[in-house]
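As a plain string of letters, each chain reads:
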Amino acid sequence: MDCAENRIVLGVDFGSTKIQVGAITPDGKALSARKFPTSRNSQEESISSLQGAIASFLEEWDGPSPAAIGIGLVGHIDCDNGIWVHSMNAKISEPVPIVQILEKQFSIPVFIDNDVHCAALAEMVFGVGQISKHFILINVGTGVACGIVDEGRLLRGVANSAGEFGHTSAETGGELCPCGFFGCLENIVGGAALIRNAVSVLPNYPESALNALYQAKNLHSNTIFEAAQAGDPLANTITQRAVKALGIGTVNLANLLNPEYIIFAGSVMRNGWFVERVRKFICDNTLVATLNCIKGISASSIHVSDVGMYGAACLGFVPGAEPAVRRAAIR
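Novice: So what about the confidence of the model for the protein chain? Which residues, and what values?
Specialist: On average, residues of the protein chain carry a pLDDT of 91, and 94% of them reach 70 or more. Long-range and interchain partners of residues 319-331, a stretch whose pLDDT sits below 50, account for 25 contacts in this model, where long-range means more than four residues apart.

Novice: Go over the sheet that holds strand 4 (residues 68-73), please, and point to the residues and values.
Specialist: Pairing is mixed across the open sheet formed by five strands, whose spatial order is 3-2-1-4-7. With partners counted over all chains shown, the strands left at the sheet margins are strand 3 (30-37) and strand 7 (110-114), one partner each. Each neighbouring strand pair of the sheet contributes to a mean axis angle of 15°, computed without reference to strand direction. Here seven bridges tie strand 2 (residues 18-24) to strand 3, and the two strands are oriented antiparallel to one another. Residue pairing in the sheet places lysine 18 in a bridge with proline 37 of strand 3. Docked against the sheet, helix 2 (residues 98-106) engages strand 4 and strand 7, running at close to 145° with respect to strand 7. Strands in contact with helix 11 (residues 307-314) are strand 1 (9-14), strand 2, strand 3 and strand 4; relative to strand 1, the strand with the most contacts, it is inclined by about 135°.

Novice: Tell me about the side chain of asparagine 187, and name the residues and values.
Specialist: Structurally, asparagine 187 can be placed in helix 4 (residues 186-189). Not counting residues up to four positions away in its chain, the partners in contact with asparagine 187 are Glu175, Leu176, Cys177, Pro178, Ala193, Arg196 and Asn197.

Novice: So what's going on with the pairing of strand 7? Residues and values would help.
Specialist: When you tally the buried positions in strand 7, you get five out of five residues, the bulk of the element. The pairing of strand 4 with strand 7 spans five bridges and is parallel. Each residue of the ladder has a partner; that of isoleucine 71, found in strand 7, is isoleucine 112.

Novice: Summarise the pairing of strand 1; cite the residues concerned and give the values.
Specialist: Across the six residues of strand 1, six count as buried, placing the element largely inside the fold. Burial along strand 1 is two-sided: the face carrying Val9, Gly11 and Asp13 and the face carrying Leu10, Val12 and Phe14 are both buried. Relative to strand 4, strand 1 runs parallel, the two sharing five bridges. Pairing of valine 12 across the sheet is with isoleucine 71, part of strand 4.

Novice: Tell me about the pattern of salt bridges, and please be specific about residues and values.
Specialist: In a structure, side chains of opposite charge can pair up when their charged atoms sit close to one another. Under the counting rule described, the total for this entry stands at seven salt bridges. With a closest N to O distance of 2.8 Å, aspartate 284 and lysine 280 form a salt bridge. With aspartate 284 and lysine 280 both in helix 9 (residues 272-285) and four residues apart, the pair spans about one turn of that helix. Look at aspartate 284 and you get exposed, because its relative accessible area is 51%. Accessibility expressed as a relative area gives 48% for lysine 280, which makes it partly exposed.

Novice: Run through the packing of helix 8 (residues 233-257) against helix 9, naming residues and quoting values.
Specialist: In the contact formed by helix 8 and helix 9, the axes pass within 9 Å of each other and the chain directions differ by 45°. As judged from the angle between their axes, helix 8 and helix 9 are oblique. Like other packed secondary-structure pairs, helix 8 and helix 9 cross with a definite hand, here right-handed. Along its contact with helix 8, which presents Asn236, Thr239, Gln240, Ala242, Val243, Lys244, Leu246, Gly247, Ile248, Thr250 and Val251, the element helix 9 presents Trp273, Phe274, Arg277, Val278, Phe281, Ile282 and Asn285. Class assignment for the residues of the contact of helix 8 with helix 9 results in ten nonpolar, six polar and two charged.

Basis of the calculations
- Residues numbered from 1 in each chain as written.
- Predicted model: local features only at pLDDT ≥ 70, side-chain atom pairs only at ≥ 80, totals over all residues.
- Heavy atoms only, no water.
- pLDDT = per-residue confidence, 0-100.
- Contact = heavy atoms within 4.5 Å.
- Pairing = 2+ DSSP bridges.
- Helix = DSSP H or I, 4+ residues; strand = E, 2+ residues; numbered from the N terminus.
- Axes fitted to C-alpha atoms, helices over the stretch in contact; angles between N-to-C directions.
- Buried < 20%, exposed > 50% of the residue type's maximum accessible area, 1.4 Å probe, protein only.
- Salt bridge = Lys/Arg side-chain N within 4 Å of Asp/Glu carboxyl O.
- Parallel < 35°, antiparallel > 145°, perpendicular 65-115°, else oblique.
- Left-handed = near helix turned anticlockwise from the far one by under 90°.
- Nonpolar A, V, L, I, M, F, W, Y, C, P; charged D, E, K, R; others polar.

Here you go:
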């Protein structure tokens, strides 16, 4: 990328529980980064949270003026026209011209894309894309999705909706998902689902360490995995179910797409013990011919919780181009 050394882009990762904003350089350094709470009880709250997070960061930022703002958003994004089309997790029920709104507010060029597509872009620019043109980036946070890179190109689908991995079925006869399908992966291994599934059965496990964690408001994916590693029966049951579901889904992707690398990102994948269990499931169950082509299965070399922020910044690293041209350039 031909970018001036002093070019700074704000990378904004809008997640279901937090908004992460960072001032990113073209060589992948975060000069400053902050996290802000996400309020997503309504479409209006989600938009206001995004506006407030960017404004708060800029108020405290004392470095060079950003050349652009790149934003990774949950849900269906029309990045060419700057529209946040729809999102279950952010309660976006009507299309929002979010680029127009933010450019009017901040007087800085704004570029948007789906958050997991952004994570895949980060891998293309700063991560495994430096050594491979064929990889899958699987992001497991509150939601679950994937970015598919083939021949060095991010596969987007006809409406930029490719990669809804979390809404593939991992359990026959599983629970009904808000999307209308049954047994969706997101309802098993997503961060919110892990907590919800644990809390729903806590009364049946009075001796479980998860009760104390819940009372202390410290029950989340990592503490569940730590308790499982320590032998807690309930935590182990939840973890085994998550490993199997994510493993089945990833094996299906691998056999279908024949990648060279499988990379994990997102808050649920911070736990190396859990990642290793998923990796072993994949290795034990993938077709031999497919497995022989895989050179690596691991968490992202970029911090798993920061991949989306870096990828969002990548959206602004090709200056002076219209969105469609810019998108073609970075992919």
